[in-house]
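# Observations on the model geometry
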Amino acid sequence: MAGMKPNCATALIASLTEATPPAMLMACRQAADQGADMVELRLDSLEHPIAAALAQLLSQPPLPVIATCRPVRQGGFFKGPEEQRLALLREASRLGANYIDIEDDVPPGDRPRGQIILSHHDFSGQPRDWQAVMKNLAAQKPAVVKLAFTAGTCQDAIEACRLVRDCPLPAMVLAMGEAGILSRALARKFGAFGSFASLSAERASAPGQLTLTQMKQLRWDHIGPATKVYGVAACPVGHSMSPAVHNAAFDELGLDAVYLPLRVEPSEEAFDGFLDAVLAAPWLDMRGLSVTVPHKEHALARVGPAKVDELSRAIGAINTVRIGRGGELEGFNTDYAAALESLCQAMGIEPAGLADKSVGVLGAGGVARAVVAALAHYQARITIYNRTPSRAQELAERFGAQACPAGDIPAMEHEIVINCTSVGMHPRVSETPAPLEALRRCRVVFDTIYNPPTTRLLELARQAGCTIVGGLEMFVRQAARQFEIWTDRPAPLPVMRQAMADRLEANPS
Ligand code: NAP
């Protein structure tokens, strides 16, 4: 039965690709320190893959060992004769390696004895009948079945989870590449034999393989059969701060949930295809999505205007989807509420207090649209400045605001100025969308940019004596509202704020 397999404590396996036995042994100890349960010794990465090296490696390894010597034809580094490779694996088995990984194209009679991981690799990216491949591997009755194929989309990663779940033997199915991360991170949920990770990003042994630290940050130790799954659908997705912020909140409240980066290609068809696959797999327990550029409009179209609030309809975009147990979809826009909250909190007013206040909005993109819609709702007097005047004009007409060219910014006079452009964002941190003299006429300056947390614009605004508000607060508050929508629990704001600050400090790019 699915999920009921022998040996179902899923191992976090450090795949080690060092060039010498001493380096490999050192890496084994590091893997143990970093919380790995098992190591895969990639013998094909050794400069001299010979029996003498094995004796050193297998005398007293700190963790159970998988011995692998991948030939070039299956994506590995071993270039020598096949007989030498198989002899090495036989010796590894004799010396006590717990598992031997052997490719399914090796004739059964040539395979080493011992606990065999029978593996199949496909880097072509072409879809195939993976179920048939799994069936064929399982029919040969190895100790463990392993399939690794290149994921074109998150749907492939969902399929990988299904294959593990349906396999009668202990199994690992890894969808390689950024789109496949879900299959690696959720291995425990589906009772896989294990999932591979590297000691560092540079030492990954397969595309999309995460580091041990990243796997732990994706709540590896807490994932089980009932874990609810959330994630951010974006392209690209590697830079997203959201997994760090949401997983820190799940940790704080001890919830059985995980939040993953989900690479969904930019088109509306790709977004729809992804949601179709999620809804067709209720066993995945996916309960919510954050949606970023360019999928905010696609998400609104998919959920349907009737299932979102009036302001989200006016903005024309949502950033949050809640998925019910039966697959019902609801949409929310937490960006505008977070922007309002951040601003009003800093000013010590309720949103109604924005009525008649003069606000200069710099920019006319997606964030500006959410900010302008919210300000217009509370009857602020809005002037939009943008590099491309026609975009400012279009937005202004829609929400009853005024439009001005960006050239008018130095002469602007507003009580509140909100930057919704990307000017000043990392790495061009010395730039500012407005000069000091214009800021001297303001009372409050809000920069929606969160990286860096204090932009050049905010530094100048501080010099000018203004109250300043950073984009980090808006980001954390939009995430906090999402968390509350999904979990019905108060979000741990300070923990989320700290997780965001730590993530930015650790990796500002
Ligand atoms: P967007 O839709 O691409 O809009 C970008 C805006 O910036 C446009 O108005 C664009 O003007 C303007 N712009 C870009 N480069 C410029 C330049 N060199 N000089 C003058 N204007 C320039 O992007 P978005 O999604 O609205 O995001 C805008 C910013 O908001 C991002 O940079 C990000 O830092 C911030 N943000 C914050 C949060 C948060 O939660 N705090 C969330 C998302 C985004 P044109 O119309 O002339 O191209």
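Please read all numbers here as calculations on a predicted model, not as lab measurements. (Residues numbered from 1 in each chain as written. Predicted model: local features only at pLDDT ≥ 70, side-chain atom pairs only at ≥ 80, totals over all residues. Heavy atoms only, no water.)

It is worth spelling out the nonpolar core at this point. Leu-41, Leu-43, Leu-182 and Met-286 are the most contacted members of the largest nonpolar core, which totals 94 residues. If you tally residues by element for this core, the top one is helix 5 (residues 154-166), at seven residues. The residue makeup of this core includes at least three contributed by each of domain 1 (11-219) and domain 2 (234-333 + 475-506). Counting 37 residues, the second largest nonpolar core, distinct from the first, contains Ala-317, Ala-370, Ala-396 and Ile-416. (Core = buried A, V, L, I, M, F, W, Y, C linked by side-chain atoms within 4.5 Å. Buried < 20%, exposed > 50% of the residue type's maximum accessible area, 1.4 Å probe, protein only. Helix = DSSP H or I, 4+ residues; strand = E, 2+ residues; numbered from the N terminus. Domains from an automatic or database assignment.)

Take the pairing of strand 17 (residues 416-419) next. Of the two faces of strand 17, the one holding Ile-416 and Ile-418 and the one holding Val-417 and Asn-419 are both buried throughout. Pairing between strand 14 (residues 358-362) and strand 17: four bridges, direction parallel. Bridge pairing links Val-361 to Ile-418 in strand 17. In terms of strand pairing, strand 17 meets strand 18 (residues 444-447) through four bridges, oriented parallel. Within strand 18, the residue paired with Ile-416 across the bridge is Val-444. (Pairing = 2+ DSSP bridges.)

Where two aromatic rings form a pair, the distance of their centres and the angle of their planes describe that pair. The full count for this structure, using the stated rule, is eight aromatic pairs. On the basis of an interplanar angle of 85° and a centroid distance of 5.5 Å, the ring pair of Phe-190 and Trp-283 is categorised as edge-to-face. Pair noted here: Phe-190 is in the loop between helix 6 (181-185) and strand 8 (194-197) and Trp-283 is in the loop between helix 9 (268-279) and strand 11 (286-291), with a separation of 93 residues, a long-range link. Pair check on accessibility: Phe-190 and Trp-283 agree, each one buried. A centroid spacing of 4.9 Å and a plane angle of 55° characterise the contact between Tyr-450 and Phe-475, whose relative ring orientation is tilted. Placement of Tyr-450 in the loop between strand 18 and helix 16 (456-463) and of Phe-475 in helix 17 (residues 471-487) is noted, with a sequence separation of 25 residues between them. Look at Tyr-450 and you get partly exposed, because its relative accessible area is 26%. In this structure Phe-475 comes out as buried when scored by relative accessible area, which is 13%. Members of the aromatic cluster, joined through ring pairs, are Tyr-230, Phe-250, Tyr-259, Phe-483 and Trp-486. (Phe/Tyr/Trp six-rings, centres within 6.5 Å; stacked < 30°, edge-to-face > 60°.)

This part is about the pattern of salt bridges. In total, this model carries 30 salt bridges according to the counting rule given. One salt bridge connects Glu-459 with Arg-456, and the closest N-O pair in it is separated by 3.4 Å. Of this pair, Glu-459 and Arg-456 are both found in helix 16, three residues apart, which corresponds to roughly one turn of the helix. Counted as one network, the salt bridges with shared partners bring together Arg-70, Arg-73, Glu-82, Arg-85, Asp-101, Glu-103 and Asp-105. (Salt bridge = Lys/Arg side-chain N within 4 Å of Asp/Glu carboxyl O.)

The pairing of strands in a sheet comes from backbone hydrogen bonds and takes either a parallel or an antiparallel form. The mixed open sheet is built from five strands, whose spatial order is 10-9-11-12-13. One side of each edge strand has no neighbouring strand; the edge strands of this open sheet are strand 10 (257-263) and strand 13 (329-332). Geometrically, the sheet is characterised by an average inter-axis angle of 20° between neighbouring strands, direction not taken into account. Relative to strand 12 (residues 320-323), strand 11 runs antiparallel, the two being bridged by three bridges. (Axes fitted to C-alpha atoms, helices over the stretch in contact; angles between N-to-C directions.)

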